[in-house]
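# Chains, contacts and geometry: an overview
Chain by chain, the residues run as shown.
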Amino acid sequence: MTRNLMITLSAGGSAALLAGAYLFQALGYPPCAMCLWQRWPHVAAILIGLLALRIKGPLLPVFGAIAAATTAGIGVFHTGVERGWWEGPSSCTGGSSLEGLSGADLLTITGPRVVMCDQVSWELFSLSMASWNAIASFGVMIGWIIAVRLSAGSTTASSSRTV
C-alpha cells in the first residue's frame, strides 16, 4: 500500500460520493441547502488529492482528512436535523414562520422548489442520504489518515537514509 494509492482511493471516494449526489439530483431528488454544504468539502478533497499526487509530504493528506471529516460532520449534523435530534438552520427547516405570506404565495407553483433540510427524501436501511454520506466520508477520512501515516513514514525513511 503506497501513499499515492491511498490518496487516489481517498480522493476517488470523494469523487464517487459527489457523482452519486449529482446522480440522485438527476433522478429527481433535488438537494436541500445542507446537502449542498456536504458537497463542497468533497470538491476540496478531490482538488487536494490532485495536488497531493504531485507534492509530497504529509501536509496535503492532512488537509484531505480535514475535508473528509468536515463533510462527515455536516452529514452527522444533517442526520440529526432530519431525525429531530436538534434544530437545523431556520433557512431550510420546517420551523420557519409563514407570517406575512398570503394564500396565493403559499399556493403558487412558480419559482424555485424549496427542499427542506429536516425532511428525508430518500433512505436505504432507514438511513438517509446525509447518513450514508457521513458513513462513507468517515471511511474516506480513514483513507486520508493512512495516506498521512504513509507520507510521514516515507519522510522519516528518506531522512534516515540521508544520515
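Below: a short report on this structure.

Cut-offs applied
Residues numbered from 1 in each chain as written. Predicted model: local features only at pLDDT ≥ 70, side-chain atom pairs only at ≥ 80, totals over all residues. Heavy atoms only, no water. Helix = DSSP H or I, 4+ residues; strand = E, 2+ residues; numbered from the N terminus. Buried < 20%, exposed > 50% of the residue type's maximum accessible area, 1.4 Å probe, protein only. Contact = heavy atoms within 4.5 Å. Axes fitted to C-alpha atoms, helices over the stretch in contact; angles between N-to-C directions. Parallel < 35°, antiparallel > 145°, perpendicular 65-115°, else oblique. Left-handed = near helix turned anticlockwise from the far one by under 90°. Nonpolar A, V, L, I, M, F, W, Y, C, P; charged D, E, K, R; others polar. Phe/Tyr/Trp six-rings, centres within 6.5 Å; stacked < 30°, edge-to-face > 60°. Lys NZ or Arg CZ within 6 Å of the ring centre and 35° of its normal. Patch = residues over 30% accessible without salt bridge, like charges linked within 9 Å, V, L, I, M, F, W, Y side chains within 5 Å. Areas by Shrake-Rupley, 256 points an atom, 1.4 Å probe, with all protein chains shown as cover. Salt bridge = Lys/Arg side-chain N within 4 Å of Asp/Glu carboxyl O.

### Things to note about the environment of Ala-21
Relative to the helices and strands, Ala-21 resides in helix α1 (residues 3-26). The exposure class of Ala-21 is partly exposed, given its relative accessible area of 22%. Along the chain, Ala-21 and Cys-35 lie 14 residues apart, while their C-alpha atoms are 8.5 Å from each other.

### Brief notes about the side chain of Ser-128
Secondary-structure assignment places Ser-128 in strand β2 (residues 127-128). Apart from residues no more than four positions distant in its own chain, Ser-128 is found in contact with Thr-79, Glu-82, Arg-83, Val-120, Trp-122 and Glu-123.

### What about the packing of helix α2 (residues 33-54) against helix α3 (residues 59-83)?
At their nearest, the axes of α2 and α3 sit 9 Å apart, and the two run at 165° to each other. Between α2 and α3, the crossing angle belongs to the class labelled roughly antiparallel. The element α2 and its partner α3 pack so that their crossing is left-handed. Mapping the contact onto sequence places Met-34, Cys-35, Trp-37, Gln-38, Pro-41, His-42, Ala-44, Ala-45, Ile-48, Leu-51 and Ala-52 in α2 and Leu-60, Pro-61, Phe-63, Gly-64, Ala-67, Thr-70, Thr-71, Ile-74, Gly-75, Phe-77, His-78 and Val-81 in α3. A per-class count over the contact of α2 with α3 returns 16 nonpolar, 7 polar and no charged.

### Notes on the packing of aromatic side chains
Using the criterion set out here, one finds 3 aromatic pairs in the structure. Relative to Trp-86, the ring of Trp-85 lies with its centre 5.9 Å away and its plane at 70°, an arrangement referred to as edge-to-face. Residue class for Trp-86 comes out partly exposed when judged on its relative accessible area of 37%. Three or more aromatic residues link up through ring pairs in this structure, and these residues are Phe-77, Trp-85 and Trp-86. Above the ring of Tyr-22, the side-chain terminus of Arg-39 is found at 4.4 Å from the ring centroid.

### Overview of a nonpolar patch on the surface
Taken together, the side chains of Val-76, Phe-77, Trp-85, Trp-86 and Phe-138 define a hydrophobic patch exposed on the protein surface, amounting to about 500 Å² of accessible area. Relative to the assigned elements, Val-76 resides in helix α3. A relative accessible area of 37% means that Val-76 is categorised as partly exposed.

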